[in-house]
Amino acid sequence: MTVLLLLYLCADATRTDCQVLPAQLWQGPDAYEQCIGAVPDLTKALTAPNRERHRFVCEVQADGAHPAELKTRPTFIHQSLWM
């Protein structure tokens, strides 16, 4: 299993205008658990205003993808669909 840690950098707390950046990659049977385990400390390291705007997300990638081929799929955030 391959898991990417994605950082959503958002312009404001509504999270309607975000840029997604891959932050780290794990591979192996416990990859998701490793990623989830890293999120609390990384979130805690953000300043209080940035915790409101930005977030970390663990995403499982398709089996067989090689690191050079990994591309994050566009993700619609719940708030981005509200108008």
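Please refer to the structure placed before this passage.
In this text, all values refer to a predicted model and were calculated from it rather than measured experimentally.

Quick look at the state of the cysteines now. A full pass over the atoms with the stated rule returns two disulfides. Here C10 engages in a disulfide with C18; their sulfurs sit 2.1 Å apart. Judged by the torsion about the S-S bond (100 degrees), the C10/C18 disulfide is right-handed. The class of C10 is buried, set by a relative accessible area of 4%. For C18, a relative accessible area of 26% gives the class partly exposed. Two residues share a disulfide in this structure: C35 and C58, whose sulfurs sit 2.0 Å from each other. Note on the C35 and C58 pair: the S-S dihedral is about -95 degrees, so by sign convention the disulfide is left-handed. Pair noted here: C35 is in helix 1 (residues 31-45) and C58 is in strand 3 (residues 55-61), with a separation of 23 residues, a long-range link. Taken individually, C35 and C58 each receive the classification buried, so the pair is uniform in this respect.

Attention now goes to a nonpolar patch on the surface. On the surface, a nonpolar cluster with roughly 330 Å² of combined accessible area is contributed by M1, Y32, I36 and V60. Looking at the secondary structure, you find Y32 in helix 1. Given a relative accessible area of 33%, Y32 falls into the partly exposed group.

One turn of the α-helix equals 3.6 residues, which is why residues spaced by three or four share an orientation. Under the 1.5 Å per step criterion, the end-to-end length of helix 1 is 22 Å for 15 residues, consistent within 8% with the ideal 21 Å. For helix 1, the principal kink sits at V39 and spans about 25 degrees; a proline, P40, occurs within the next four residues. Looking only at helix 1, the buried set comprises A31, C35, A38 and V39. Where helix 1 is buried, its residues meet strand 1 (2-10), strand 2 (18-27) and strand 3.

The rules behind these values
Residues numbered from 1 in each chain as written. Predicted model: local features only at pLDDT ≥ 70, side-chain atom pairs only at ≥ 80, totals over all residues. Heavy atoms only, no water. Disulfide = S-S within 2.5 Å. Buried < 20%, exposed > 50% of the residue type's maximum accessible area, 1.4 Å probe, protein only. Helix = DSSP H or I, 4+ residues; strand = E, 2+ residues; numbered from the N terminus. Patch = residues over 30% accessible without salt bridge, like charges linked within 9 Å, V, L, I, M, F, W, Y side chains within 5 Å. Areas by Shrake-Rupley, 256 points an atom, 1.4 Å probe, with all protein chains shown as cover. Salt bridge = Lys/Arg side-chain N within 4 Å of Asp/Glu carboxyl O. Expected span 1.5 Å × (residues − 1). Bend = angle between axes of the 7 residues up to and from the residue. Contact = heavy atoms within 4.5 Å.

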